[in-house]
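Okay, here's what each chain looks like letter by letter:
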Amino acid sequence: MEGLGAAASIIAVVELAAKVASLCLEYSSAVKNARADIDRLRQQTNSLKTTVEGAQKLLQHPRTARLETLHKLRNALDETHPQLGNIAAKLEANLHTGRKAKAMRHMGLRALKWPFENKDVDKIIANLQRNQASFFAALQIDQTYVTNLAKILDISRKIDLPKLPVATGAAFDSQTNEHDPKCHPNTRVDLLAEIYRWVEDPSGRCIFWLCGMAGTGKSTISRTVAGRLSEKGVPGASFLFKKGDGDRGKAAVFFTTIASQLADKLPFLAPHVRNAIESDPTIAGKTKADQFRKLILEPLNKCKDDPRIPALVAVVIDALDECDREEDAIAIIRILSKAKEVTSVSLRFFVTSRPELPIRNGFSTIQGEYQDIALHQIPEPVVEHDISTFLRYELARIRDEYNIQPSKSLQVPPSWPREGDIRILVQMAVPLFIFAATVCRFVEDKGRSDPTRRLAKVLQYRTATHDSRLDKLDATYLPILNQLTAGRTGLDKADLLAEFRDIVGPIVLLAQPLSVGSLARLLDVEVQDVHDQLNSLHSVLDIPSQTDAPIRLFHLSFRDFLVDLTKRATNDFWIDETKYHNTLVDRCVRLMHRHLKRDICGLQIPGKLRSEVRQQTIDTSLPPEVRYACQYWVYHLQESKGSIRDGDPVHNFLTRQLLHWLEALGLLGRISESIGMVDDLLALLHPTDAAEVSVLLRDIRRVILSNRWIIDIAPLQVYVSALVFSPGRSVTRKLFRQEEPKWITTGPAVEEDWNACRQTLEGHSDSVSSVAFSPDSTLVASASADKTVKIWDTATGTCTQTLEGHSDWVSSVAFSPDSTLVASASADKTVKIWDTATGTCTQTLEGHSDWVSSVAFSPDSTLVASASYDETVKIWDTATGTCMQTLEGHSDWVSSVAFLPDSTLIASASCDKTVRIWDAATGTCTQTLEGHSDWVSSIAFSPDSTLVASGSRDKTVRIWDAATGTCTQTLEGHSGSVNSVAFSPDSTLVASGSRDKTVRIWDAATGTCTQTLEGHSDWVSSVAFSPDSTLVASASADETVKIWDTATSTCTQTLEGHSGWVSSVAFSPDSTNSQAGVSVTGQTYTAIITDSGYESMKRGASNFHEEDLGLAQEHESVEIDFDDQATIYSVASTALNDEDTFKTEFAETLLDRICPPDLDAELVSSRSTILPSLLRAFALRLGCPGSNKAEREVMYFVHKHRRYSTCGFVSLTHL
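The structure presented is a predicted model; accordingly, all values stated were derived computationally and were not measured.

Our next topic: the overall build of the protein chain. Check the secondary structure of the protein chain and you find 34 helices and 41 strands. Across the 1215 residues that make up the protein chain, the buried fraction comes to 56%. A separation threshold of at least 6 residues defines the contact pool for the protein chain, and within that pool the share at least 24 residues apart is 65%. Summed over all atoms, the accessible surface of the protein chain reaches about 50,600 Å², with 48% contributed by carbon and sulfur.

Here it is as structure tokens:
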């Protein structure tokens, strides 16, 4: 009876869950401002429903009677039923009610309001998740039931893998690594035992680092460990790095590959990984720290209460030193140390690498977090034993297999190999296992002479290991290579060696392995020529029998041996890297010239989305050798040490094939990589003979930066939006004007030339309060009222880290002088210290009793100073987080803080109208600088440490002697409060920005105002000098940044584009571009006005007119009359101040018409930012406040909708 009652309750719960999910779906299509909460609740309800349905099926299982306590299940059901009932009732009560709602529905408008706040949804989901866990616990699910349940529920294992890129062949058990060896039995016994003890030790370190020189057997040990853990049922993952093997050499897909494998091995983890992908569809392009946290750490921790969670999860990482970028390898090491933050399971990482300096430096930053062993330090007798055991077994196997042939006269003697020969081989090999493995492959090579003769050739080199002219790699590889030239002399030998280099040279230098056929087509040689050259190299190259499988090196040491510059005179087979990289550049460029063309996949429609193109179509149109050429030609040019000149092959390729190349990269999903490639090309320009190509490359970079996102979505837009939305004087646009679509009869209004704004960093969801350059100029940090700090790559504008942890708005941000740390101050009364590489919060500094307004690092990075509304300044130790000093004395809130350049003094500015100078070591106030008659808003030390400048609401700037506290100058002239002050790097000038809309330049010694810079139309919030003192940047509430020449008072640039007041500005410290300032703004929105189909554009579409928006005076009816032939626009816009209810509802309806709910997630997630700009656009139509500001077009957004195959555009007439 208990079972029947539970079954009945299950049916009721399933029905209620289905009802809630259905109601959520209805709200999802009608409500705009709570879409994320609605989707979260719907997903959780569906997940709960699936779990309960699975429980229902298990109750029907013959073993149900063996379940311990059905009443626990009944209790869980009884708790869940009323919760779902209350949710359903509240959703229904708010649905289909009210006269206004009915009227609006009659007009096609939606008036639904989501009845739950965000915090309510959080609580509901937490309760439902707890109930879901109760079902698992009540059912006492053992491993058998987990298997059954997974089959019944199909536990969300269908992760959208295209959104989670993986490195093919990186797993130890992939087909690519199928024949790679593992440790022979009775070898590495003690070492493997120690590794397994570490894995199983609950208190063990989270990382085991096995390091060793090239050829000492690290990879073999890795495969052995991974295989043993798999056999024992330990869930985990593996990533075997391999340089020159495509994605296996890149860190970009490292954590996504690991996450994908873990989700496959741990089915209950899959829903959490999937949710992470759905919450952030761009996670694959985010930083490695973000990927680790969102795809691995957080999903594992969310499984803490799941009874299926194992005690141990192990990940094997081999050859970390073969990661392409050293900084990526270091970052991975630091990120892996965060495994200790996983509380649900013991997460272990087994890592192998060569003991290269960057790797050693990486591990030095996580002292105490890992266990390590160096293979080259294992006692020699142990290594000799292991190599001897391996050789005896392998040579005996080779003998026995060879002797299977019927002719006894050709058989190898049973006593072969002799004991003395084995001892010699062992001496030659120690400590390199790669020597032993290569020798065995060479001796076994079928189709050659018998094993005894081939072993004899190896033994001829027994003195090589003791000869100063030859090392162990010579003894490893020369026996194999010298057979190629045996009996050849003179020109015959020289020709043979040249043929060897022409084929093998490119193979060992390729950035990604290619098959025999693809290699032949890339090098423009016959396939048979490649086969002929490789026939004798099966001992050193993995040459598959399948013609389309790539050729791989057995070991990277073969490449090292061939390109070693010190062997140039002694190694006949030496390969000149520079020469053959240059050869590969030439072949890549020639191949792209022959193959690339417009619309290479035959898509025809410019708006065709890449996601809609079949992979088979792309693979057929862009065969492997062409894909290789598109991705790696710049890499080979860089490695060839060449330079780019006007009119050379590179310049010629860019002027003819640029758009075809970018289209191909777009189709391959690699368009973002083109920015780095262009940067590499710029670095290769000839210093005196590259004027034209230099201008072209800089213009190309601007085109890609402005359009990469749309090319990535719809690659053929490289011929449309990338051209027509570029400035009229764009070199790229002029060069490829013939490629612009003929059906665009009236182009959009664009600027004549690129403006000075190099990057617009978008991503914050609220106003930005502070910005700072890293001292090495590679990064920018921004602090926002959205409670986050973002780290941006200055070269690409990519957000590399989002630092989350503050519970209130972040007011100030600063980099440490060594660029490794960021400090952030917040209204949550804390200061946080962040690691810039990993995004990890290393310290939370608590102690202030009110919000923190300003933060600064000491020049030696050991201290952080924070100023607060609690009227104090605190000094913190960055390493320990200890508060070293609390500086008390101000009688009102402290607005700004700064260190003296030598770290000995600190200055603080306060609303109490004073500036105080403090001894950083003792906390003593050495000076109180009094004289201002209103609160002090800004302070700055002169770079030579002798002066302090302060700006105040009393409209003055004061210059103080830092040593005596004497006011040496009072700078008067501003007619409004002074918001910002800054010293020039040479300490001779002071700049001040004021509410009087001016910037003034003052002589610090005399107090004379040397310049008054007028031009802003609203108050100036921030000023900064360029590193060479020749320029001043000013940020203003007029939404612009201006660049001024300090010598002439001329405004050299007005940087426009912000749609809100600009609060902060800074120059790049390296002065590589003195106008490359960074500014931040309150809010920037993008509005999509309307949409159309490409076919209708070809027929000729009318422009979008203001008549397409209409509104009756009495708000009784709303008419939206969009022509289906109208177009998509994106208009820079600001939020409307007067947002009455009806206008909001109208704008929501307008948004719904042009931005339907079933769009891609990327667009749906931006709806909340689109709405305010729709209000702005609507304000223009109604003549509301602020409507007199002209709107300018920027770029359009192609989106996917079932009614349209693509989108086109024409000119937008100003509303």
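Let's pick the thread back up.
So, on to the packing of helix α14 (residues 380-402) against helix α16 (residues 433-444). With their axes 10 Å apart at the nearest point, α14 and α16 run at an angle of 10 degrees to one another. Taken together, the axis directions place α14 and α16 in an arrangement best described as roughly parallel. Facing Val383, Asp386, Ile387, Phe390, Leu391, Glu394, Leu395, Arg397, Ile398 and Glu401 of α14, the residues of α16 in contact are Phe433, Ala436, Ala437, Cys440, Val443 and Glu444. Classifying every residue of the contact of α14 with α16 gives eleven nonpolar, no polar and five charged.

What follows deals with the sheet that holds strand β16 (residues 852-857). The four strands lie next to each other as β16-β17-β18-β19, forming an open sheet whose pairing is antiparallel. Strand pairing shows two members of the sheet lacking a second neighbour, β16 and β19 (883-888), which therefore form its edges. Neighbour-to-neighbour, the strand axes of the sheet open up by a mean angle of 20 degrees, direction not taken into account.

Counted according to the given criterion, the structure contains 40 salt bridges. As a salt-bridge pair, Arg293 and Glu804 come within 3.8 Å of each other at their nearest N and O atoms. Separated by 511 residues along the polypeptide, Arg293 in helix α11 (residues 288-302) and Glu804 in strand β11 (residues 799-804) bring together distant segments of the chain. Look at Arg293 and you get partly exposed, because its relative accessible area is 24%. Overall, the relative accessible area of 48% leaves Glu804 in the partly exposed class. Three or more residues are tied together by salt bridges with common partners; here these are Lys288, Arg325, Glu327 and Asp328.

So, about unusual backbone geometry. Residue Trp416 is joined to Pro417 through a cis peptide bond whose omega torsion reads -5 degrees. Position of Pro417 relative to the elements: it lies in the loop between α14 and α15 (419-429). The step from Val430 to Pro431 runs through a cis peptide bond, and the omega angle for that step is 5 degrees. Tracing the backbone through its elements, the reader meets Pro431 in the loop between α15 and α16. In this structure, Ser819 is a non-glycine residue whose phi angle is positive, near 70 degrees. Relative to the elements of secondary structure, Ser819 occurs in the loop between β12 (810-815) and β13 (821-826). We classify Ser819 as buried; its relative accessible area is 7%. Not every positive phi belongs to a glycine, and Lys997 is a case in point at roughly 75 degrees.

Let's shift gears to the environment of Ala879. With respect to the helices, strands and loops of the structure, Ala879 is situated in the loop between β18 (872-877) and β19. By relative accessible area, which is 60% here, Ala879 ends up exposed. The sequence separation of Ala879 and Thr862 amounts to 17 residues, and the corresponding C-alpha distance is 7.1 Å.

Time to look at the packing of aromatic side chains. Tallied over the full model, the rule gives 23 aromatic pairs. Note on Trp809 and Trp851: the rings are 5.2 Å apart at their centroids and 45 degrees apart in plane angle, and the pair reads as tilted. Taken as a pair, Trp809 in the loop between β11 and β12 and Trp851 in the loop between β15 (841-846) and β16 lie far apart in primary sequence, 42 residues in all. Through successive ring pairs, a cluster of aromatic residues spans Phe239, Phe241, Phe254, Phe255 and Phe292. In this arrangement the basic side chain of Arg348 is found over the ring face of Trp198, its NZ or CZ atom lying 5.8 Å from the centre. Positioned above the aromatic ring of Phe554 is the side chain of Arg441, whose terminal nitrogen or guanidinium carbon lies 3.9 Å from the ring centre.

With that settled, consider the nonpolar core. By size, the foremost hydrophobic cluster in this structure holds 144 residues, and its most contacted members are Ile221, Leu425, Leu541, Phe558, Leu562, Trp633 and Trp661. Considering each element in turn, this core owes the most residues, ten residues, to helix α26 (residues 649-667). Those residues within four positions of Phe558 in sequence are excluded, and the remaining contacts are Tyr477, Leu481, Val504, Val508, Val540, Leu541 and Leu553. In this structure, Phe254, Leu262, Ala276 and Ile283 belong to the second largest nonpolar core, which totals 56 residues.

Take the environment of Lys338 next. Note that Lys338 resides in the loop between α12 (326-336) and β4 (346-353). A residue is classified by how much of its surface remains accessible, and Lys338, at 17% relative accessible area, is buried. With 132 residues separating them in the primary sequence, Lys338 and Cys206 have C-alpha atoms 8.6 Å apart. Those residues in contact with Lys338 that lie beyond four places of it in its chain are Phe292, Leu297, Thr838 and Thr840.

Turning to a negative patch on the surface, a few remarks are in order. The grouping of Asp495, Glu499, Asp502, Asp524, Glu526, Asp529 and Asp532 at the surface amounts to a negative patch. Contributing elements (two or more residues each) for the negative patch: α19 (490-509) and α21 (527-534). Relative to the elements of secondary structure, Asp495 occurs in helix α19.

A separate point is the confidence of the model for the protein chain. Of the residues in the protein chain, 76% reach a pLDDT of 70 or more, and the chain-wide mean stands at 77. When pLDDT is averaged over each element of the protein chain, α26 comes out on top at 96 and strand β41 (residues 1130-1133) at the bottom at 26. Below pLDDT 50 for its whole length, residues 98-110 participates in 20 contacts with residues either more than four positions away or in separate chains. Here residues 139-162 scores under 50 on pLDDT; set against residues more than four positions off or in separate chains, the count is 48 contacts.

Take α21 next. Structural remark: α-helix, 3.6 residues per turn; residues separated by three or four positions point the same way. Of the residues making up α21, those classed as buried are Val530, Gln533 and Leu534. All buried residues of α21 project into a common sector of 95 degrees when viewed along the axis, lining one side.

By the burial criterion, the buried members of helix α10 (residues 270-279) are Ala270, Pro271, Val273, Ala276 and Ile277. Buried residues in α10 make contact with α9 (254-265) and α11.

Time to look at the side chain of Ser952. Within the secondary structure layout, Ser952 lies in strand β25 (residues 947-952). At a separation of 3.0 Å, a polar atom in the side chain of Ser952 contacts the main-chain carbonyl oxygen of Asp934. Looking at Ser952, its side chain comes within polar contact range of the main-chain oxygen of Trp935, at 3.0 Å. Residues contacting Ser952, with those up to four places away along its chain left out, are His932, Asp934, Trp935, Val936, Ser937, Ser977 and Val978.

Read across the sheet, four strands follow the order β8-β9-β10-β11 without closing on themselves; strand pairing throughout is antiparallel. For this open sheet the edge positions go to β8 (768-773) and β11, each flanked by a neighbour on one side alone. Each strand of the sheet is rotated relative to its neighbour by a mean of 15 degrees, with strand direction disregarded. Pairing between β8 and strand β9 (residues 779-784): five bridges, direction antiparallel. Bridge assignment links Ser770 to a residue of β9, and that residue is Ala783.

Where α10 contacts α11, the two axes come as close as 9 Å, and the packing angle between them is 135 degrees. Judged on the interaxial angle alone, α11 and α10 are oblique. Where α10 crosses over α11, the two elements pack in a sense that is right-handed. Seen from α10, the contacting residues are His272, Val273, Ala276 and Ile277; seen from α11, they are Lys294, Leu295, Pro299 and Lys302. Residue composition of the contact of α10 with α11, by class: five nonpolar, one polar and two charged.

Let's shift gears to the pairing of β16. Most of β16 sits out of view: six of its six residues are buried. Two strands pair when backbone bridges link them, and β16 and strand β17 (residues 863-868) are joined in this way by five bridges, in the antiparallel orientation. Looking at β17, one finds that Val852 is bridged to Ser868. Hairpin remark: β16 followed by β17, antiparallel, with five residues in the connecting loop; positive phi at Ser861, about 70 degrees.

Parameters and conventions
- Residues numbered from 1 in each chain as written.
- Predicted model: local features only at pLDDT ≥ 70, side-chain atom pairs only at ≥ 80, totals over all residues.
- Heavy atoms only, no water.
- Helix = DSSP H or I, 4+ residues; strand = E, 2+ residues; numbered from the N terminus.
- Buried < 20%, exposed > 50% of the residue type's maximum accessible area, 1.4 Å probe, protein only.
- Contact = heavy atoms within 4.5 Å.
- Areas by Shrake-Rupley, 256 points an atom, 1.4 Å probe, with all protein chains shown as cover.
- Axes fitted to C-alpha atoms, helices over the stretch in contact; angles between N-to-C directions.
- Parallel < 35°, antiparallel > 145°, perpendicular 65-115°, else oblique.
- Nonpolar A, V, L, I, M, F, W, Y, C, P; charged D, E, K, R; others polar.
- Pairing = 2+ DSSP bridges.
- Salt bridge = Lys/Arg side-chain N within 4 Å of Asp/Glu carboxyl O.
- Phe/Tyr/Trp six-rings, centres within 6.5 Å; stacked < 30°, edge-to-face > 60°.
- Lys NZ or Arg CZ within 6 Å of the ring centre and 35° of its normal.
- Core = buried A, V, L, I, M, F, W, Y, C linked by side-chain atoms within 4.5 Å.
- Patch = residues over 30% accessible without salt bridge, like charges linked within 9 Å, V, L, I, M, F, W, Y side chains within 5 Å.
- Lys, Arg positive; Asp, Glu negative; His and termini not counted.
- Charge placed at Lys NZ, Arg CZ, Asp CG, Glu CD.
- pLDDT = per-residue confidence, 0-100.
- Arc of directions from axis to C-beta.
- Polar contact = N/O pair within 3.5 Å; in protein donor to acceptor, adjacent residues only side chain to side chain.
- Left-handed = near helix turned anticlockwise from the far one by under 90°.

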